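Secondary and tertiary structure notes
One letter stands for each residue in the lines below.
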Amino acid sequence: MDKRNKNRLLGALIAIALLALVLIVGVMSGVGGTKKTPPETDAQMPVPQSTAMPENLPDGTVIRNEGEAFFPSEKDWVYHFTYAYPHVAGDSYAALMVNDTYQMALDEMVQLVLPMFANEPAMRYDGKNEVIHDFEVKCNNGRFLSILQKKSQTRGDEGTFLSLESLTFDMSGEYQGESLTLRGVVMVGESTDQIAAALMPHIYEEFVKLQEKGICKQDVDRETFEIEFSPAIHFYADENGNAVFYLPPSLMETPSFQTHVFVYSPEEIEKLL
């Protein structure tokens, strides 16, 4: 199977996993939002080996929920998953919402995605695949909580693939516990699409300068750049309320989690509009 077909299969498997997760959550929620205890099963699902959570921390402190899991089994594994996900201390509504978001992401990986990959011959590659999820807290100022996730996956002789994903949560405003759009962070303009359209030519111009310096890939044209990068997706808030845009590792000459960033204040963005 060639690389393009493998990537298509990967996308299809993830889509199936997401659909299955939605169905599972719906069944467990029950009518009227009352949770139901799922029936016991004889199936041996790998259980993540997480570290114990510290107690008596100040509300809002971000704790590392760390652990590992093996698929299909620890003795004869095809996928080894090492992870660290954020967990917010405290029992505020916002903290519970954030924790639910990342617990669902972890459950999706260990209950659906990786078991499916481990049992799909086309996704086994060399049979010893390492998947690592980690994160950085980019902002935690009581107003915003910005999390930048770092994800890597080995795929046999195809090498290691890196990606970055970010979410910025409202911790004390009108949308407590919800992830915010770009406009929700900077609070200027009419929509996130409008802001993204105004920023794109300026960020692309900076990208071209990085290409000329040999920092970013030389063979990436404007069309490819706009496929790989979006101001509406690749951003987080910093401690000063600025919007920070980061390049995906795939655009760097040497893929790394230390990618180039572009910082815009709400006032600077408003001027561009």
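Here the structure is a predicted model, which is why all the values come from computation and not from measurement.

Looking at the overall build of the protein chain
Scanning the protein chain for helices and strands turns up six helices and eight strands. N-terminal to C-terminal, the α/β element order of the protein chain is α-β-β-α-β-β-β-α-α-α-β-β-β-α. With 273 residues in all, the protein chain has 40% of them scored as buried. Relative to all contacts within the protein chain whose residues are 6 or more apart in sequence, the contacts with residues 24 or more apart total 55%. Total accessible area computed for the protein chain in this model is approximately 15,100 Å², and 52% of it derives from carbon and sulfur atoms.

So, the packing of aromatic side chains
Within this structure, the stated rule accounts for 12 aromatic pairs. Seen from their ring centres, Tyr204 and Phe225 are 5.3 Å apart, and the 55° between their planes marks the pair as tilted. A residue pair is termed long-range when its members are at least 10 positions apart, and Tyr204 in helix α4 (residues 192-212) and Phe225 in helix α5 (residues 222-228) qualify at 21 residues. Here the two residues Tyr204 and Phe225 agree in accessibility, since each one is buried. With a centroid separation of 4.6 Å and an interplanar angle of 35°, the aromatic rings of Phe207 and Phe225 are classed as tilted. With Phe207 in helix α4 and Phe225 in helix α5, this residue pair connects regions lying 18 residues apart in the sequence. For the pair Phe207 and Phe225, one class covers both residues: buried. Taken together, the ring pairs in this structure connect Phe81, Tyr83, Tyr85, Tyr102 and Phe169 into an aromatic cluster. We note Lys128 situated over the ring of Trp77; from NZ or CZ to the ring centre the distance is 4.2 Å. Over the ring of Phe161 we find Arg155, and its NZ or CZ is 4.3 Å from the ring centre.

Remarks on the pattern of salt bridges
Proximity of charged atoms lets side chains of opposite charge pair with each other. Applying the stated criterion to the full structure yields eight salt bridges. Arg143 is paired through a salt bridge with Asp170; the nearest N and O atoms lie 2.8 Å apart. With a gap of 27 residues between them, Arg143 in the loop between β3 (129-140) and β4 (144-154) and Asp170 in strand β5 (residues 160-170) connect regions that are remote in the sequence. Note on Asp170: relative accessible area 1%, which makes it buried. For Arg222, the salt bridge is made with Glu226, and the minimal N-O distance between the two is 2.5 Å.

Quick look at α4
Over its 21 residues, α4 runs 30 Å from end to end, which matches the ideal 30 Å to within 8%, given 1.5 Å per residue. At Met200, α4 shows its largest bend, some 35°, and a proline, Pro201, comes one to four positions later. Within α4, the full set of buried residues consists of Thr192, Ile195, Ala196, Ala198, Leu199, Met200, Ile203, Tyr204, Phe207, Leu210 and Gln211. Check the buried side of α4 and you find it contacts α3 (182-186), α5, β7 (243-246), β8 (261-264) and α6 (266-272).

Examining the sheet that holds strand β2 (residues 79-88)
Overall, mixed pairing links the five strands, which are arranged β1-β2-β3-β4-β5 in an open sheet. Sheet topology places β1 (62-71) and β5 at the edges, where each strand pairs with a single neighbour. On average, each strand axis in the sheet is tilted by 15° relative to the strand beside it, whichever way the strands run. Across 10 bridges, β1 lies against β2 in antiparallel orientation. Note on β2: the bridge partner recorded for Phe70 is His80. Each of β1, β2, β3, β4 and β5 touches helix α2 (residues 93-118); the most contacted strand, β2, lies at about 170° to it.

Topic: the environment of Val131
Checked against the element boundaries, Val131 lands in strand β3. C-alpha separation for the pair Val131 and Thr154, spaced 23 residues apart in sequence, amounts to 6.7 Å. Ignoring anything within four residues of it in the chain, the contact list for Val131 reads Tyr79, His80, Phe81, Thr82, Met109, Leu114, Ser152 and Gln153.

Reading the values: the criteria
Per chain, the residues get numbers from 1 upward, laid out in the order the sequence is written. Where totals are concerned, whole chains, interfaces and linings use all residues; where local detail is concerned, this predicted model gives features only for residues with pLDDT of at least 70, and gives and counts side-chain atom pairs only at 80 or more. As a rule here, side-chain values cover all heavy atoms of the structure and leave hydrogens and water aside. Comment: elements are numbered from the N terminus, with helices defined as DSSP H or I runs of at least four residues and strands as E runs of at least two. A simple rule labels every residue: compare its accessible area, found with a 1.4 Å probe on the protein chains alone, to the largest value its type can have, and call it buried under 20%, exposed over 50%, or partly exposed in between. Whether two residues are in contact is decided by their heavy atoms: any pair within 4.5 Å suffices. Using the Shrake-Rupley algorithm and a 1.4 Å probe, accessible areas are obtained, with residue cover drawn only from the displayed protein chains. Here a Phe, Tyr or Trp ring, Trp counted by its six-membered ring, pairs with any other such ring whose centre lies within 6.5 Å, and the pair is stacked when the planes are under 30 degrees apart, edge-to-face when over 60, and tilted otherwise. Note on criteria: charge over ring means Lys NZ or Arg CZ within 6 Å of the ring centre, with the direction from the centre no more than 35 degrees off the ring normal. Salt bridge, as used here, is a side-chain nitrogen of Lys or Arg placed within 4 Å of a carboxyl oxygen of Asp or Glu. For a helix, the expected span equals 1.5 Å multiplied by the residue count minus one. Values of bend correspond, residue by residue, to the angle between axes fitted over the seven residues ending at that residue and the seven starting there. Pairing between strands is defined by DSSP: at least two bridges between them are needed. Angles run from 0 to 180 degrees between N-to-C directions of axes, and those axes are lines fitted to C-alpha atoms, restricted for helices to the stretch in contact.

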